[in-house]
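Survey of secondary and tertiary structure
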Amino acid sequence: MVGMNVRYNFCAGPAMLPDAVREALRADLLDWRGLGRGVAEVSHRSGAYHDLMEETVANLRMLLGVGADRTVLLLQGGASGQFAMLPYNFLRAGARADYLVRGYWGERAARQAARVGAIRVAQEPEAWAADAAGAAYAHVTTNETIAGTRLPEGFPTPAAPLCADMSSDILAGPRDFGRYALAYAGAQKNLGVAGLAVVVAEHEFLSRARRNLPAAFCYLEHVHANGLYHTPNAIAVDALLHMTRWLLAEGPRNVWERNARKAERLYAALDASAFWRPLAPKAERSLTNVTFRLPTAALEEQFLAEAEARGLVALRGHRALGGIRASLYNAMPEAGVEALVAFMRDFERYRG
């Protein structure tokens with residue numbers, strides 16, 4: 001049984017942080033790099049902040065496996081900001097963008113793009129990829145946090161530049177970033193805390209971006225300003241730095257293999273009994289967001305209350321779908337999944 005002093009946070013975002021990252025952030029808020037001020041109090045024009053950003057971007061390049069042909073930007077607004085920024089920059093009058101929509105967040109991204117220009121929406125990867133010739137770009141959401149589904153890495157590559165929202169599975173498993181003209185992710189799931197988006201884009205694709213936009217929403221303005229067009233969210237960047245250090249110390253492949261084991265362990269428990277009803281089709285099951293239902297809504301409420309009492313928190317599913325959702329991002333240890341599975345076994349024994 002999990003003691004009250006050990007709590008596993010299964011929230012879909014903002015997600016739990018590794019203990020080492022939390023401790024580092026606490027220290028940095030009080031006295032950052034011996035300056036006598038916290039990281040939130042130091043000018044982004046200072047040499048100390050420049051060093052922070054340089055190391056963060058360098059670590060991201062190593063973890064993502066991207067070279068000098070790509071720009072890495074740290075922007076405010078999270079992934080929702082990128083839903084609008086991407087079409088504002090690349091969806092000109094008379095052009096169109098193609099969106100693969102297989103869940104809530106893909107639909108949200110497409111809805112924002114439709115406010116800017118013409119889009120075409122598809123539900124199946126094959127049709128979407130085949131029709132994308134001539135599009136300004138083609139957009140996918142690699143993992144749907146609400147439904148608990150993922151787009152397998154081998155999905156067809158369109159002729160148009162491929163762009164992706166990777167918010168809930170970036171660096172949670174191997175990925176060929178060479179396929180993507182632009183990828184973005186909100187930081188609050190696998191990369192740190194809310195208020196920051198990581199954007200990785202090919203130089204050639206970025207060169208096509210519009211230049212007559214308000215500067216805050218123009219990718220090229222941020223590139224030319226070295227990511228410092230306006231005052232950055234220093235706390236979020238610092239959290240990202242510590243997350244990249246932690247991932248490099250853990251070893252990316254070790255983290256990916258651990259994530260796969262976590263998901264396999266939980267899905268095995270769900271598949272072992274008809275008491276549990278996994279929501280995602282087996283071929284599309286997410287490795288980071290596991291969604292399921294119990295026989296009745298009343299049992300689900302009881303499950304959530306008893307889980308909370310045992311230190312297993314934030315398991316309630318999204319309001320759009322209901323049920324239970326366990327998010328297994330990079331910071332979730334295998335012990336957390338084992339504690340959840342043990343609780344599920346006890347709950348079914350006494351309530352099933």
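Residues numbered from 1 in each chain as written. Predicted model: local features only at pLDDT ≥ 70, side-chain atom pairs only at ≥ 80, totals over all residues. Heavy atoms only, no water.

What follows deals with the layout of surface pockets. By volume, the largest pocket is sized at about 420 Å³. Along the wall of the largest pocket there are 28 residues; nearest its centre are Ala12, Trp105, Thr145, Gln188 and Lys189. For the lining of the largest pocket, the elements supplying multiple residues, two or more each, are α3 (78-90) and β14 (324-327). It is α3 that provides the largest number of residues to the lining of the largest pocket, a total of four residues. Tallied by class, the residues present in the lining of the largest pocket amount to ten nonpolar, 14 polar and four charged. By volume, the second largest pocket amounts to about 350 Å³. Lining the second largest pocket are 17 residues, with Met16, Leu17, Asp19, Arg22 and Pro333 sitting closest to its centre. Contributions of two or more residues to the lining of the second largest pocket are made by β1 (8-9), α1 (19-30) and α8 (234-250). Class assignment for the residues of the lining of the second largest pocket results in ten nonpolar, two polar and five charged. (1 Å grid on protein atoms, 1.4 Å probe; cavity = no way out; pocket = protein on both sides within 12 Å on 5 of 7 lines; lining within 4 Å. Points joined across faces, edges and corners; volume = space filled by probe spheres on them. Helix = DSSP H or I, 4+ residues; strand = E, 2+ residues; numbered from the N terminus. Nonpolar A, V, L, I, M, F, W, Y, C, P; charged D, E, K, R; others polar.)

Let us now look at the pattern of salt bridges. Any two side chains of opposite charge can pair if their charged atoms end up close together. The full count for this structure, using the stated rule, is 22 salt bridges. In this structure, Arg70 engages Glu202 in a salt bridge whose closest nitrogen and oxygen atoms are separated by 3.2 Å. Here Arg70, found in strand β2 (residues 70-75), pairs with Glu202, found in strand β10 (residues 197-202); they are 132 residues apart in sequence, far enough to count as distant. Among the residues examined, Arg70 registers a relative accessible area of 6% and is labelled buried. (Salt bridge = Lys/Arg side-chain N within 4 Å of Asp/Glu carboxyl O. Buried < 20%, exposed > 50% of the residue type's maximum accessible area, 1.4 Å probe, protein only.)

In space, the three strands of this open sheet follow the order β11-β12-β14, with antiparallel pairing throughout. In the strand order of this sheet, the two ends are held by β11 (277-278) and β14, each with one partner. Strand direction decides the pairing type here: β11 and strand β12 (residues 289-293), joined by two bridges, are antiparallel. In the strand pairing of β12, Pro278 is matched with Phe292. With respect to the sheet, helix α9 (residues 252-271) is in contact with β11, β12 and β14, its orientation differing from that of β12 by roughly 10 degrees. (Pairing = 2+ DSSP bridges. Contact = heavy atoms within 4.5 Å. Axes fitted to C-alpha atoms, helices over the stretch in contact; angles between N-to-C directions.)

Moving on, we come to the environment of Gln76. Residue position: Gln76 is located in the loop between β2 and α3. A C-alpha to C-alpha distance of 22 Å links Gln76 and Leu162, two positions 86 residues apart in sequence. With residues up to four places along the chain from it excluded, the contact list for Gln76 reads Gly195, His230, Thr231, Pro232 and Asn233. Within the local environment of Gln76, its side chain forms a polar contact with the backbone oxygen of Thr231, the two atoms lying 2.6 Å apart. (Polar contact = N/O pair within 3.5 Å; in protein donor to acceptor, adjacent residues only side chain to side chain.)

Glancing now at the packing of helix α2 (residues 47-64) against α8. One way to put it is that α2 packs onto α8 with a least axis distance of 9 Å and a crossing angle of 40 degrees. Judged by the inter-axis angle, α2 sits oblique to α8. Crossing geometry of α2 relative to α8 is assigned as left-handed. Of α8, the residues touching α2 (which contributes Tyr49, Leu52, Glu55, Thr56, Asn59, Leu60, Met62 and Leu63) are Ala234, Val237, Asp238, Leu240, Leu241, Thr244, Arg245, Leu247 and Leu248. When the residues that make up the contact of α2 with α8 are grouped by side-chain class, the tally is eleven nonpolar, three polar and three charged. (Parallel < 35°, antiparallel > 145°, perpendicular 65-115°, else oblique. Left-handed = near helix turned anticlockwise from the far one by under 90°.)

Below, the discussion takes up the packing of aromatic side chains. On inspection of all chains with the given rule, the structure shows 16 aromatic pairs. Aromatic pair Phe303 and Phe347: ring centres 5.3 Å apart, planes at 85 degrees, arrangement edge-to-face. Remark: Phe347 occurs in helix α11 (residues 334-351) and Phe303 occurs in helix α10 (residues 297-309); sequence separation between them is 44 residues. Classification of Phe347 by relative accessible area gives buried; the value is 2%. Through a chain of ring-to-ring contacts, three or more aromatic side chains come together here, namely Phe275, Trp276, Phe292, Phe303, Phe343 and Phe347. Here the guanidinium or amino end of Arg179 rests over the ring plane of Phe155, the centre of that ring lying 4.3 Å away. (Phe/Tyr/Trp six-rings, centres within 6.5 Å; stacked < 30°, edge-to-face > 60°. Lys NZ or Arg CZ within 6 Å of the ring centre and 35° of its normal.)

Ranked by size, the top nonpolar core spans 53 residues in total, and within it Leu64, Leu74, Trp128, Val140, Ile170 and Leu191 carry the most contacts. With nine residues, α8 is the single largest residue contributor to this core. Apart from residues lying up to four places away in sequence, Leu64 is in contact with Ile170, Leu171, Phe177 and Val200. If you look at the next biggest cluster of nonpolar residues, it comprises 31 residues, including Leu294, Phe303, Leu312 and Ala326. (Core = buried A, V, L, I, M, F, W, Y, C linked by side-chain atoms within 4.5 Å.)

Moving on to the sheet that holds β2. Here we have seven strands laid out as an open sheet, ordered β2-β10-β9-β8-β5-β3-β4, and mixed in their pairing. Of all the strands in the sheet, just β2 and β4 (118-122) have a single pairing partner and so form its edges. Ignoring which end each strand starts from, the neighbouring axes of this sheet average 20 degrees apart. Alignment of strand β9 (residues 182-186) against β10, held across five bridges, turns out to be antiparallel. For Ala185, the partnering residue across the bridge sits in β10 and is Val198. Running over the sheet, α2 touches β2 and β10 and is turned about 125 degrees from β2.

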